[in-house]
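Coordinate analysis (summary)
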Amino acid sequence: MIRNPYINVTLVAGATVVFIILVSFALAALSRFIAKLMGATRTKQANTFAGYLFAAPWIVGFLIFVVVPMAFSLYWSFTDYRVTANAAPNVIGFDNYTRLLFNDSGFRASIVNTLFLTVVGLPVQIAVALFLAVLLNQKTRGERIFRMAFYLPVILGFNTAVLLCWRLMLNTGTGIINQLIRALSAAFPPFGYLNRAVIFVVEIVNAFFLGISNGKFSLLIKVWEAGFPAANRVPLWVQSPLWSKMSVVFLMAWGCGAMMLIFLAGLNNIPKELHEAAEVDGANGWKRFWMVSFPLLTPYIFYNLVIGLINSLQIFEPIYVLYRDNQPLVSSTISMVYYLWQASFSHFEIGYGSAISWLIFVMILLVTAIQFKMQDRWVTYDLY
Amino acid sequence: MKKHTIFSVLGLLVSASLVLAACATPAATTQAPANTQPPAPTSAPANTPVPEATTAPEPVTLKIYLLDYTPDTIAWLKSDINPAFEKAHPGVTVEITEGSWTGWDTTFSGFFAAGDGPDIINLGSEMNTLYGESLANMDEYLGEAAWPDIKNFGPALENAKYNGHLAGLPIFTAPRYVFCRTDLAKGTLPPQNFADWITFAKDNTVIDPATNALTQQALQPVDAGSMADWQWWLLVFYSLGGELYKADGSPNFDSPEALATTQFLLDMRQATYGPAADAVGALPAGQGSPIDVNDATSTDNGAVCLAHSGWAAPSFDRPIWDKVSIEPFYGDPANFPNSKPVVLAFNDWLAVADYSKHKDLAAEWLKAAFTKEANNKWNETMGLIPARNDSQYGFVTEKPQLQREAELASKYGVGFAGIEESAKLSTIMQDALGKLITEELTPEEVVAKIQADYTDALK
């Protein structure tokens, strides 16, 4: 092969395309052969060939980039494979899984943190999305602009630039969020009391969760003994373990645009006659929402719940960008996937990291299966 | 029938993939172990002039992945070092990739997992034990017999060794000093023991009651907010005469020095921020170094003292240097007779990966980039102290700050190296120290936790 890196890359890319075409034809031919063995007519065989030929590029990609790496990962999860050891993986059976489930306090702490983000963050995200959708469902001026503005965070995504901006905004001293809180507290004393009350509740709840992680509740006792926060208190967003998870919840709520659009579609699908009939019967706005809109939104809530749960159980980027350079705070906010990244790419234990990834997969699978099982109890698909 | 066809085809494909995956051998088994002797080098010995007529059998690209550089460094390498090297080695092209210290570990794990990547990689001070098994034994190319210049490298060379064998060359020495603003400090400067430091912290920290945040911080040790960075802990620990490992190689976190260090970190934190429940906000981020002045507002950035490397200090052309002292950390001789002044020296280095197919060429490039003049120039572009003792001239002696730093480094330098499972130790310590400052754990519980977890990690 010619030793020029640029020509090499071009040749490899060309070879890849040829490979994909050849494999697609092979796959299509295989499917036609199987159809023939099963007694399909010539027309059916031809249709099978054509169908698989067009689907094959995706199938090939799926096999190469998903199935094969998953198979490797499953194999490595039963080994002590370390990238930097320069040695072959050594099969150790279920040791990785045993250590994870029974001996790894760090993994247990990551489960607790992920549970917090799911139990607290996800309902907040869904509630904010529903609230925004209900607001946007009112036919007002500038509705499209508002819809775009609320959806913009989804387009921007949790990329590094955006999250670095959030780090600046969440700075305790100079961040704009705390400056706004201080200004509002000074201008409206009731807001100041509300701020202090929220700080107290948040810190108590977080101290409780930290106590579960650590097996000690000394921080909870100290927070309780410190009493109601002083008037000059503001949230310590990215500075304190009592607030590190709340920063992530804040970001989750900020990124609720996709859920909002789903709810908006659901609200638009509710027949107007139902609202008109309720109005005629004397129902006010809240009653119409609660008795008419909400039950009919349950399929959309279910969808957002399933997707939201999967996303929150796999949360990684906000924690990585916000706290990677602030190591003492990592343990208070480390999620399961962050723990997986740490084991695999920081400690270079690929075998252990693979075991973590399979455990996470099983957890998500179980949770999703339970959700689908329970949907019959509360999800209404009928309109009338 | 249609469903059967679909399932049959997909089932066959998935099974075939699983069988292929199970039968495939991972990249690691095809590599030779790092500690076997390398094959005899094909290049001429280093103490003869580089032959001009040597022709490589086929075109080769020598890849170098850098993390320690400035734009001036890259410009100099591409204009001076690389062209001269390529001229001396026809057919060889040098390719430099400018990486970042953010995400380096993920990037490097990709190289070693694939068994392919840059021939020369830039590693941090403590990474010789972390990557040692995957690095090449370069004794035959860079040892004294092959390259007499090697004896001009100072103690920093130990960072570039694994199991006593050379794996590369150190670029610079960047110790952690205590920089203090003499015009802002109240009290004795520098504090000479732990009690003095606590008093200094109380006297020189200012909290604004309106915002419940710091407006002046007595000491910023590496991480301003937590004051609980593991590297800061190690600096203090070494200043007490502490040894990281016992004679049998087991961790030494159950020593009196470890407990005293942990208690000191907590005391300093509380002398600055008060109890954790007070929830005092950190110093706002300023423009430039924490001990410098903000040009836009003409106000101080808030730190009186800074315990960090030179790159966190103001640049040498700043006028603030008239009011800045540079000192080691003096430990606590009042309570620990083995205390000594310490500057914790970070010696980043360039290593040759064991998967490299061009170890001889890599060695030649290193020799070219680490001559006396080249090591001086590289560090001049970065404002750091050259690793070679004979390269510490010119800008090193012309800048009074660097001269002072070099003097302290040679007298009090302790290498940040030889740490087993450094990545895991960092995680373990940061986790425990994070719980120390929030008072979730007492100092005794912290050292016990670190001792237990680290002992487990070393098994």
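Everything quoted here is computed from the prediction, not taken from an experiment.

1. Some thoughts on the overall build of chain B
- Tallying secondary structure elements over chain B gives 14 helices and 17 strands in all.
- Counting only contacts in chain B whose residues sit at least 6 apart along the sequence, the fraction spanning at least 24 positions is 73%.

2. Points about the overall build of chain A
- A tally of helices and strands in chain A yields 17 helices and zero strands.
- Along the first, second and third principal axes, the C-alpha atoms of chain A reach 75 × 65 × 45 Å.
- Residue burial in chain A is summarised as follows: out of 384 residues, 35% are buried.

3. Let's talk about the domain arrangement of chain A
- Partitioning chain A into domains gives domain 1 (5-76) and domain 2 (101-172 + 236-378).
- Centre-to-centre, using C-alpha coordinates, domain 1 of chain A lies 36 Å away from domain 2 of chain A.

4. Some thoughts on the domain arrangement of chain B
All names here are of chain B.
- Per the domain assignment, the segments of chain B are domain 1 (50-171 + 347-415) and domain 2 (175-345 + 421-457).
- On a C-alpha basis, the centres of domain 1 and domain 2 stand 31 Å from each other.
- Of the residues lining the interface, 17 residues belong to domain 1; the matching set on domain 2 comes to 15 residues.
- Listed by contribution, the elements that provide at least two residues to the side of domain 1 that touches domain 2 are helix 4 (128-131), helix 12 (400-412) and strand 17 (413-415).
- No other element matches helix 12, which puts six residues into the side of domain 1 that touches domain 2.
- Here the residues of the side of domain 1 that touches domain 2 sort into seven nonpolar, six polar and four charged.

5. Observations concerning the nonpolar core
- Counting residues in each nonpolar core, the largest one holds 181 residues, and the members touching the most others are L142, F179, C305, A351 and L433 of chain B.
- I126, A133, M260 and L264 of chain A belong to the second-largest nonpolar core, a separate cluster that totals 16 residues.

6. Examining the packing of helix 4 (residues 105-137) of chain A against helix 11 (residues 257-269) of chain A
All names here are of chain A.
- Taken N-terminus to C-terminus, the directions of helix 4 and helix 11 make an angle of 45°; their axes are 8 Å apart at the nearest point. Relative to helix 11, the element helix 4 lies oblique. Of the two possible hands of crossing, helix 4 and helix 11 adopt the one that is right-handed. Side by side, helix 4 and helix 11 meet where Q125, I126, A129, L130, L132, A133, V134, L136 and N137 of the first sit next to M259, M260, F263, L264 and L267 of the second.
- Partitioning the contact of helix 4 with helix 11 into residue classes produces twelve nonpolar, two polar and no charged.

7. Some remarks on the interface of chain A and chain B
- Counting residues at the interface gives 56 residues for chain A, matched by 59 residues for chain B.
- Of all elements in the fold, only helix 1 (5-37), helix 2 (42-76), helix 8 (189-214), helix 9 (218-226), helix 15 (327-333) and helix 16 (336-346) of chain A reach the threshold of two or more residues within the side of chain A that touches chain B.
- If one sorts the elements of the side of chain A that touches chain B by residue count, helix 2 of chain A sits on top with eight residues.
- Its residues assigned to classes, the side of chain A that touches chain B shows 30 nonpolar, 21 polar and five charged.

8. Focus: the sheet that holds strand 15 (residues 349-352) of chain B
Residue and element names in this part refer to chain B.
- Strand order in the open sheet formed by five strands is 2-1-3-15-6, and the pairing between neighbours is mixed. Each edge of the open sheet is held by one strand with a lone partner, namely strand 2 (92-98) and strand 6 (168-170). Taking the axes of each pair of neighbouring strands and ignoring which way they run, one obtains an average angle of 15° across the sheet.

9. Concerning the pairing of strand 1 (residues 60-66) of chain B
All names here are of chain B.
- In the sheet, strand 1 pairs with strand 2 via seven bridges, with the strands oriented parallel. When the bridges of strand 2 are listed, I64 appears paired with I96.
- On the question of chirality, the crossover connecting strand 1 to the parallel strand 2 by way of helix 2 (residues 71-88) is right-handed.
- Sheet topology places strand 1 next to strand 3 (residues 120-123); two bridges connect them, and they run parallel. When the sheet's bridge partners are listed, Y65 is paired in strand 3 with I121.

About the cut-offs
Residues numbered from 1 in each chain as written. Chains lettered and ligands numbered in written order. Predicted model: local features only at pLDDT ≥ 70, side-chain atom pairs only at ≥ 80, totals over all residues. Helix = DSSP H or I, 4+ residues; strand = E, 2+ residues; numbered from the N terminus. Contact = placed C-beta atoms within 7 Å. Buried ≥ 20, exposed ≤ 12 C-beta atoms within 10 Å, placed from the backbone. Domains from an automatic or database assignment. Nonpolar A, V, L, I, M, F, W, Y, C, P; charged D, E, K, R; others polar. Core = buried A, V, L, I, M, F, W, Y, C linked by C-beta atoms within 7 Å. Axes fitted to C-alpha atoms, helices over the stretch in contact; angles between N-to-C directions. Parallel < 35°, antiparallel > 145°, perpendicular 65-115°, else oblique. Left-handed = near helix turned anticlockwise from the far one by under 90°. Pairing = 2+ DSSP bridges. Right-handed = clockwise from strand over helix to strand, strands pointing away.

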